[in-house]
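Remarks on the overall topology
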Amino acid sequence: MKTDDLPLDATPIAFTLNGRALEAAPGESILKAAQRAGVEIPHLCHKDGLRSPGNCRACVVDIEGERVLAPSCCRAPSAGMVVHSDNARASAAQKTVLELLLSDAPDTAALKFDSELAHWAEVAGAQPGRFPARAAAVHDNSHPAMAVNLDACIQCTRCIRACRETQGNDVLGLAFRGGHAQIVFDQNDPMGASTCVACGECVQACPTGAIAPANGAFAKPSQQQVDSVCPFCGVGCQLTYHVNDGKIEHVEGIAGPANEGRLCVKGRFGFDYAHSPERLTRPLIRRAGVPKDPHGELRRLTPEQVRERFREASWDEALDAAAEGFRQALATTPARGRQGPVAGFGSAKGTNEEAYLFQKLIRTAFDTHNVDHCTRLCHASSVAALMEGLGSAVVTNPLRDVQFADFVLLIGANPAQNHPVGATWIKNAVKQSGLKLVLADPRRTELARHSWKHLGFKSGTDVALLNALLHTIVFEGLTDPAYIEAHTLDFAQLKAHLVDFSPEAMAPVCGIDAATLREVARAYATAKNAMILWGMGISQHTHGTDNARCLIALALITGQIGRPGTGLHPLRGQNNVQGASDAGLIPMVLPDYQRVADGPAREKAERLWHLAPGTLRSEPGLTVVEIVDAAHRKEIRAMLIQGENPAMSDPDAAHAREALAGLDHLVVQDIFLTETASLADVVLPATAWPEKTGSVTNTDRCVQLGRKAVPAPGDARADAWITEQLARRLGLGWTYGVAADGSGTDDAAQGIGAVFEEMRALMPSIAGLSWSRLRREGAVTYPVADDADPGQPVVFTDGFPTPSGRASLVGAVLTPPAEQPDAEFPMVLITGRQLEHWHTGSMTRRSGVLDALEPSPVVSLHPETARRLGLWAGAQAQVRSRRGEVALPVRIDDGMPRETAFIPFAYAEAAANLLTNPALDPVGKIAELKYCAVDVRPVVAARDPARH
């Protein structure tokens, strides 16, 4: 074996295995060294990525000079050691162990076609029946995603280690003693009744199928395996689709840069939405004279209702109708620029190439920058503050950098629900490296039990809390003066601004005592490496930009930026919200955040797009909420919406639905007839994520390739193809030749590869990432300057992309939420996502497993608040704001703040955004979705069953 095969920076240790001279890295196990040398040793409790306990004894080896055999998975060789894995003694022991295990689990191949026990038994010549079988175990089919068959369990404990040590969930354990020992969930509860979050890590770890997908997918090999990327949150986990007969049957995680094989319940079990019978398969045109009812029934339309409203059409007819409606809108309302009559909502659920083509279409076909997407409703204020302060809106460090941090401030985010695999890295760092985690959130969420401190501050008082931390650091002399001098502007103004924000003054405002505020500030400032993570609890406020300004200042005045384990990371919510923003789906910037007011940036785009000089307007377009308001005023007359669902996602949803219904022409591209699509004039059936090839960019700035795995149903077509066809009908003459079926090839001169190449020509951040390189490597983190650049996970190591090369420190004033509780609406409403559902639920609520786990909406209340209101778990509550009302069951949650309600926004039948406030942050133009005043009360007088 060559030393070149060893890990880098390792001093090799020479030893002998089966008469061969080998070398191992320090601490490397005999098993791993043997595997690298191509020597097979049976093993079952060992799995790459998990700690090896050596408890199954299938991997025992004979070490000369030692009395007992040693488990090779957890024994490291020493210099000169002589090891035998295949002599008579070792082979007999291995065979006996495997025969003992076969007596416990004789037919595992029936559950898992590639059972590792069956494989190693065959290799070793082990035979069942040598030892008496154990008593049959009761099967557990209580969970919709996974089946438990302890008849196949060999107690290797891989599932326990995967649950506890990898995912940090602490659900699985080994209970009872001796021959009665068994794997249990919580206190020997049925799996479906346990605290299991269905990440499926145990399924992926189990060698025998004792825990397996409930659909029996492990019982047979897959016909096709396709590597891709998860279509849900911004973590960007890589996975493999296992396909049979054109359908995905199961999913497994692979070693992507963001996940290292890990997945969550959505990534592992939420794939079947693509095969839903509700998929759109034919273009639809609204029947003449059928009105649009924005306040009608919000549940899914039945097939009969769909036929009443729409008729099927050919693609040519539907595309012609779509284009003609836009031409009429332009002809009847000739104003251009910011007040143009057409607008577009693109999607963060599609690819970078789709986003790029969409913004190009709106800008060039309709002569306007009225194009936006869901970033306006998630991190627009973060982007505004980062652009203002640092000259760039990207995250400074990847999420996995928490492993290098000594301190992490996690504020306004719930990664255990919204970025579950990201949360595992945080939990791992707390347990393995002693990370000090501070969770700052009005709700006490899952990560609170892993945190050093939980700052349960009053909703809407983020600036008070953060300014108190800044005050402490500045006036206790805990800043980094050298960093401030070399890399920042306006520190003196910030210091003067912070004089009045002492912890003692801010404690009554934010609800956190002054001593705790000072303790947290000192810990952050004095940590060797400190990192800040935040979510939409920071950004979705009318003071969201100020919130982010404070976080930026914290990092800058302490020099906690530009190194591994430091920096600023706004957790991106959707799978491609970073990439869609990078690609230009924002009304005030072109691709790569080049402002539309910048003449040279416009000229560069005009040259690349073969437009006449001066074609692109210099006025920024309207944002999401501004577009909806303009549509309500009849200033926007037509819209193209690709994969977005503003009828559910926009604040004051009733107002948004009225605006959409009032348009002269609405064209929607989607995979389902969503609440928005049901108001359309033309509906164009698109492809789901597993049905197309293209790139996406995750929260870490990592550009990753998604690959087509299955065919689209019926006549559904790829969004990029639809956009190109519309462009041609609107006179643009595009000739990319995008494949209608969503496929992609290595050819960078045509199809989706040609779109990517044009896109990168306009984007300095990915200038060095060619289509061929992306196809070859699958994942590259930008900025990437040239083909030899490996990509830069950490940025701003020596300055910032501003004219001065320095970052700006901007002070934030106390601004209360736009709407305060009063006598009529005395409580606060917070909205957000939940683990099993994503965004507006259009995909996850059509996944059998996900919808079975969380089938209906709930309002979460603190138990004391519920008692005061005369409510209990399961009781129907009416939640009412100044804009609307919903009725839904109560869920009791002692992690909730008192006098506060939480409603997830994935349920059309109780749409949280009917209640929310459309008031905007003046800078980021983001709505205050995280705070509004509501009244909560029982729907009807009822008796608590627990009391009667």
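Computed from a predicted structure; not experimentally measured.

What to know about the confidence of the model for the protein chain
When pLDDT is averaged across the protein chain, the result is 95; 97% of the residues are at 70 or more. Low pLDDT, under 50, characterises residues 1-8; the predicted model gives this stretch 17 contacts beyond four residues in sequence or across chains.

Overview of the packing of helix 22 (residues 624-632) against helix 24 (residues 653-661)
The interhelical angle for the contact between helix 22 and helix 24, taken along N-to-C directions, is 60 degrees, at an axis separation of 8 Å. Classed by the angle they form, the pair helix 22 and helix 24 counts as oblique. In the crossing of helix 22 with helix 24, the sense of the turn from one axis to the other is left-handed. For the pair helix 22 and helix 24, the contacting residues are Val628, Asp629, Ala631 and His632 in the first and His655, Ala656, Glu658 and Ala659 in the second. Looking at the contact of helix 22 with helix 24, its residues break down into four nonpolar, two polar and two charged.

Notes on the packing of aromatic side chains
Tallied over the entire structure, the rule returns ten aromatic pairs. Aromatic side chains Phe326 and Phe366 sit 5.1 Å apart centroid to centroid with 55 degrees between the ring planes, which places their arrangement in the tilted category. In this pair, Phe326 is assigned in helix 8 (residues 315-332) and Phe366 in the loop between helix 9 (352-365) and strand 16 (371-372), connecting sequence segments 40 residues apart. A relative accessible area of 2% places Phe366 in the buried class. With a centroid separation of 5.6 Å and 50 degrees between ring planes, the pair formed by Phe756 and Trp771 is classed as tilted. Remark: Trp771 occurs in helix 27 (residues 771-777) and Phe756 occurs in helix 26 (residues 751-761); sequence separation between them is 15 residues. We classify Phe756 as buried; its relative accessible area is 0%. Grouped by ring-pair contacts, the aromatic residues Phe232, Tyr273 and Trp838 constitute a single cluster. For the cation-ring pair, Lys112 lies above Phe218, with the distance from its terminal atom to the ring centre recorded as 5.5 Å.

Side note on the pairing of strand 17 (residues 407-411)
Residues in a regular strand point their side chains to alternate faces of the sheet. Counted residue by residue, strand 17 has five buried out of five residues, so it is predominantly covered. Residues Phe407, Leu409 and Ile411 of strand 17 are buried on one face, and the alternating residues Val408 and Leu410, pointing to the opposite face, are buried as well. The pairing of strand 17 with strand 18 (residues 436-440) spans five bridges and is parallel. From the neighbouring strand, Leu410 faces strand 18, where its bridge partner is Leu439.

Points about the pattern of salt bridges
Throughout the structure, instances matching the rule amount to 55 salt bridges. Across the salt bridge formed by Glu308 and Arg309, the nearest N and O atoms sit 3.9 Å from each other. On the basis of relative accessible area, Arg309 is assigned to the partly exposed category, the value being 26%. Within this structure, Glu476, Glu504, Arg518 and Arg522 form a network of salt bridges that share partners.

Examining the sheet that holds strand 17
Pairing is parallel across the open sheet formed by five strands, whose spatial order is 19-18-17-21-22. Unpaired on one side and paired on the other, strand 19 (453-455) and strand 22 (567-570) mark the two borders of the sheet. Neighbour to neighbour, the strand axes of the sheet diverge by 15 degrees on average, direction disregarded. Looking at chain direction, strand 17 and strand 21 (residues 530-534) are connected through five bridges and run parallel. Counted as the bridge partner of Leu410 is Leu533 from strand 21. Helix-sheet contacts for helix 10 (residues 380-390) involve strand 21 and strand 22, and the interaxial angle to strand 22 is about 155 degrees.

With respect to helix 22
Judged by how many residues are buried, helix 22 sits mostly within the fold: seven of nine residues are covered. Considered for burial, the residues of helix 22 that qualify are Val624, Val625, Glu626, Ile627, Val628, Ala630 and Ala631. Residues of helix 22 that are buried make contact with strand 15 (342-345), strand 16, strand 25 (638-642), helix 24, strand 37 (917-920) and strand 38 (927-928). One or two residues past the end of helix 22 sits Lys634, with phi positive at roughly 70 degrees.

Some remarks on the nonpolar core
Counting residues in each nonpolar core, the largest one holds 162 residues, and the members touching the most others are Leu390, Leu551, Leu554 and Leu568. Setting aside its immediate chain neighbours within four residues, Leu390 contacts Ile552, Leu556, Ile561, Leu568, Phe796, Phe800, Pro801, Thr802 and Ala807. Within the second largest apolar cluster, 33 residues are counted, among which are Leu17, Ile30, Ala37 and Ala126.

Quick notes on unusual backbone geometry
For the bond running from Tyr782 to Pro783, omega is 5 degrees, close enough to zero to count as cis. With respect to the helices and strands, the residue Pro783 is situated in the loop between strand 30 (779-781) and strand 31 (807-808). Backbone geometry at Asp367 places phi at a positive 55 degrees, although glycine is not the residue there. You can see Asp367 is positioned in the loop between helix 9 and strand 16. Of note in this structure, Phe796 is not a glycine but carries a positive phi near 65 degrees. Locating Phe796 in the fold gives a position in the loop between strand 30 and strand 31. The class of Phe796 is buried, set by a relative accessible area of 11%.

Some words on the environment of Thr302
Take Thr302: it is sitting in the loop between strand 13 (284-286) and helix 7 (303-309). For the pair Thr302 and Glu278, spaced 24 residues apart in sequence, the C-alpha separation works out to 9.6 Å.

Digging into the packing of helix 9 against helix 25 (residues 719-729)
Between two packed helices, what matters for the description is the angle formed by their axes and the separation of those axes. It is at 9 Å that the axes of helix 9 and helix 25 come closest, and there the two elements cross at 20 degrees. Here helix 9 lies roughly parallel to helix 25, going by the angle between them. Relative to helix 25, the crossing made by helix 9 is left-handed. Two secondary-structure elements touch here, helix 9 through Glu354, Leu357, Phe358 and Leu361 and helix 25 through Asp719, Ala720, Thr723 and Ala727. Here the residues of the contact of helix 9 with helix 25 sort into five nonpolar, one polar and two charged.

What counts as what
Residues numbered from 1 in each chain as written. Predicted model: local features only at pLDDT ≥ 70, side-chain atom pairs only at ≥ 80, totals over all residues. Heavy atoms only, no water. pLDDT = per-residue confidence, 0-100. Contact = heavy atoms within 4.5 Å. Axes fitted to C-alpha atoms, helices over the stretch in contact; angles between N-to-C directions. Helix = DSSP H or I, 4+ residues; strand = E, 2+ residues; numbered from the N terminus. Parallel < 35°, antiparallel > 145°, perpendicular 65-115°, else oblique. Left-handed = near helix turned anticlockwise from the far one by under 90°. Nonpolar A, V, L, I, M, F, W, Y, C, P; charged D, E, K, R; others polar. Phe/Tyr/Trp six-rings, centres within 6.5 Å; stacked < 30°, edge-to-face > 60°. Buried < 20%, exposed > 50% of the residue type's maximum accessible area, 1.4 Å probe, protein only. Lys NZ or Arg CZ within 6 Å of the ring centre and 35° of its normal. Pairing = 2+ DSSP bridges. Salt bridge = Lys/Arg side-chain N within 4 Å of Asp/Glu carboxyl O. Core = buried A, V, L, I, M, F, W, Y, C linked by side-chain atoms within 4.5 Å.

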